[in-house]
Amino acid sequence: GNVILPPLIKSYFPLRIGLLSAAYISLIQIGTMLPALLAVPLTSRYGWAQALSFWAFPALVAWCFALVLRIKNLQPDFIVGAQTPAAAVVMWRSPMAWGLVLMFGMTSLISYAMFTWLPLLLVEAGASAEFGGAMVALFAALGLVSSLLIPWAATRLRNPYPLVLLCLAAYAVAFPALMFSPLSYPILWVVLLGLGPSTFPLGLTLINLRTCSAAVSASLSGFAQGIGYLLSCLGPLLLGVLRDFGQGWVLPLSFLSFCALIMAVGAWPICQPSFVEDRPS
């Protein structure tokens, strides 16, 4: 869904990229927040199998909407920009495409790792399991705030790299705080931690802002998110390995701090005010 939505917005709503990006990314964040908030209560009441099966319902609703669109066979009225064939832009030779891979991949790696391990980190520090689940929900809720604001801001900034630096600053405070004093001001640390992945909606918005056509937008989306999600899936596993190896959270959170630096480096080329098609390979 993440991969196909940016080029669909490019095709059907080329003059409302900021608005439509904010809308669908916000719904993604809501879909991320609710399971974290409801996982423990549903499991306590119904058991883990029934709690897991509950999430088939939203997938069914999404399928119904997709089926209606397929039956209606709606076509875009027009597409802004030259229809550059996607094959004319070799993504693996594009610095902008690789920058988006690193930006998207490292942001998602950090997010997935925190969704998986933040509750245990807080529980081991002395909090309850319910508090850990609530903090994961807060972490996801902050993504809703960024999904509403970041696409709007990105469409109005010639170079949105200052937004990346703000995200890096949030990580720079949150990770050391979680290492050494997680329960001193846990809500504040989680708020900062939740603002860090604002580069996720920024990356999805830049897929359209840095391409001239829906074809190239689709190619860039598949390339960046395909490799980016492959990288991100390593996050929960690597954090668990590092936690066991270091017997604590200093080593895993130091690793995530390094990932945040890689994210900021990767964001530089894709934030520059140019297009992927400007450098065809």
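Now for a look at the structure at hand. As the structure is a computational prediction, the values presented were derived from the model and not from experiment. (Residues numbered from 1 in each chain as written. Predicted model: local features only at pLDDT ≥ 70, side-chain atom pairs only at ≥ 80, totals over all residues. Heavy atoms only, no water.)

### Observations concerning the overall build of the protein chain
Thought 1: Of regular secondary structure, the protein chain possesses 12 helices and 0 strands.
Thought 2: The order of α-helices and β-strands along the protein chain, N terminus first, is α-α-α-α-α-α-α-α-α-α-α-α.
Thought 3: Against the compact-globule benchmark of 19 Å for 281 residues, the protein chain has a radius of gyration of 19 Å, which places it among compact chains.
Thought 4: For the protein chain, the spread of C-alpha atoms along the principal axes amounts to about 60 × 40 × 30 Å.
Thought 5: By residue count, 44% of the 281 residues in the protein chain fall in the buried class.
Thought 6: Taking contacts inside the protein chain between residues at least 6 apart in sequence as the whole, the part at least 24 apart equals 83%.
Thought 7: Accessible surface for the protein chain amounts to roughly 13,600 Å². Of this, 74% is attributable to carbon and sulfur atoms.
Thought 8: Across the protein chain, 11 positive and 6 negative side-chain charges occur, with their mean positions spaced 11 Å apart. (Helix = DSSP H or I, 4+ residues; strand = E, 2+ residues; numbered from the N terminus. Rg over C-alpha atoms; globule rule 2.2 N^0.38 Å. Buried < 20%, exposed > 50% of the residue type's maximum accessible area, 1.4 Å probe, protein only. Contact = heavy atoms within 4.5 Å. Areas by Shrake-Rupley, 256 points an atom, 1.4 Å probe, with all protein chains shown as cover. Lys, Arg positive; Asp, Glu negative; His and termini not counted. Charge placed at Lys NZ, Arg CZ, Asp CG, Glu CD.)

### Focus on the pattern of salt bridges
Thought 1: For the structure shown, the criterion picks out 2 salt bridges.
Thought 2: For R243, the salt bridge identified is with E124, shortest N-O distance 2.3 Å. One end of the pair, R243, is in helix 11 (residues 234-246); the other, E124, is in helix 5 (residues 95-125), with 119 residues separating them in the sequence.
Thought 3: In this structure E124 comes out as partly exposed when scored by relative accessible area, which is 42%.
Thought 4: For D244, the salt bridge identified is with R243, shortest N-O distance 3.2 Å. (Salt bridge = Lys/Arg side-chain N within 4 Å of Asp/Glu carboxyl O.)

### Re the nonpolar core
Thought 1: Of all hydrophobic cores here, the largest spans 64 residues; its most connected members are M103, L118, V164, L193, L253 and L256.
Thought 2: Contributing elements (two or more residues each) for this core: helix 2 (17-46), helix 5, helix 6 (129-154), helix 7 (161-180), helix 8 (186-195), helix 9 (199-209), helix 10 (214-232) and helix 12 (250-271).
Thought 3: Once residues lying within four places of it in the same chain are set aside, the contact partners of L193 are M114, L118, F139, Y171, A174, F175 and L178. (Core = buried A, V, L, I, M, F, W, Y, C linked by side-chain atoms within 4.5 Å.)

### Comments concerning the environment of I262
Thought 1: With respect to the secondary-structure elements, I262 resides in helix 12.
Thought 2: A relative accessible area of 25% places I262 in the partly exposed class.
Thought 3: In the structure, I262 is positioned 224 residues away from L38 in sequence and 33 Å away in space, judged by C-alpha atoms.
Thought 4: Excluding its chain neighbours within four sequence positions, the residues that come into contact with I262 are L102 and M106.

### So, helix 12
Thought 1: End to end, helix 12 covers 31 Å across 22 residues, agreeing with the expected 32 Å (1.5 Å per residue, within 8%).
Thought 2: The set of residues buried in helix 12 consists of P252, L253, L256, C259, A260, M263, A264, G266, A267, I270 and C271.
Thought 3: Elements that come into contact with the buried residues of helix 12 comprise helix 5, helix 7, helix 9 and helix 11. (Expected span 1.5 Å × (residues − 1).)

### Examining a nonpolar patch on the surface
Thought 1: A cluster of nonpolar side chains, namely V3, I4, L8, Y12 and F13, defines an oily patch on the protein surface of about 410 Å² accessible area.
Thought 2: Inspection of the secondary structure puts Y12 in helix 1 (residues 5-12). (Patch = residues over 30% accessible without salt bridge, like charges linked within 9 Å, V, L, I, M, F, W, Y side chains within 5 Å.)

### As for the side chain of R210
Thought 1: Looking at the secondary structure, you find R210 in the loop between helix 9 and helix 10.
Thought 2: Nearest to the buried, unbridged R210 among oppositely charged side chains is D278, at 8.6 Å.
Thought 3: A polar side-chain atom of R210 sits 3.1 Å from the main-chain carbonyl oxygen of I270.
Thought 4: Separated by 2.8 Å, the side chain of R210 and the backbone oxygen of Q272 make a polar contact.
Thought 5: Not counting residues within four places of it along the chain, the set of residues in contact with R210 comprises M96, R158, P160, I270, C271, Q272, P273, S274, F275, V276 and E277. (Polar contact = N/O pair within 3.5 Å; in protein donor to acceptor, adjacent residues only side chain to side chain.)

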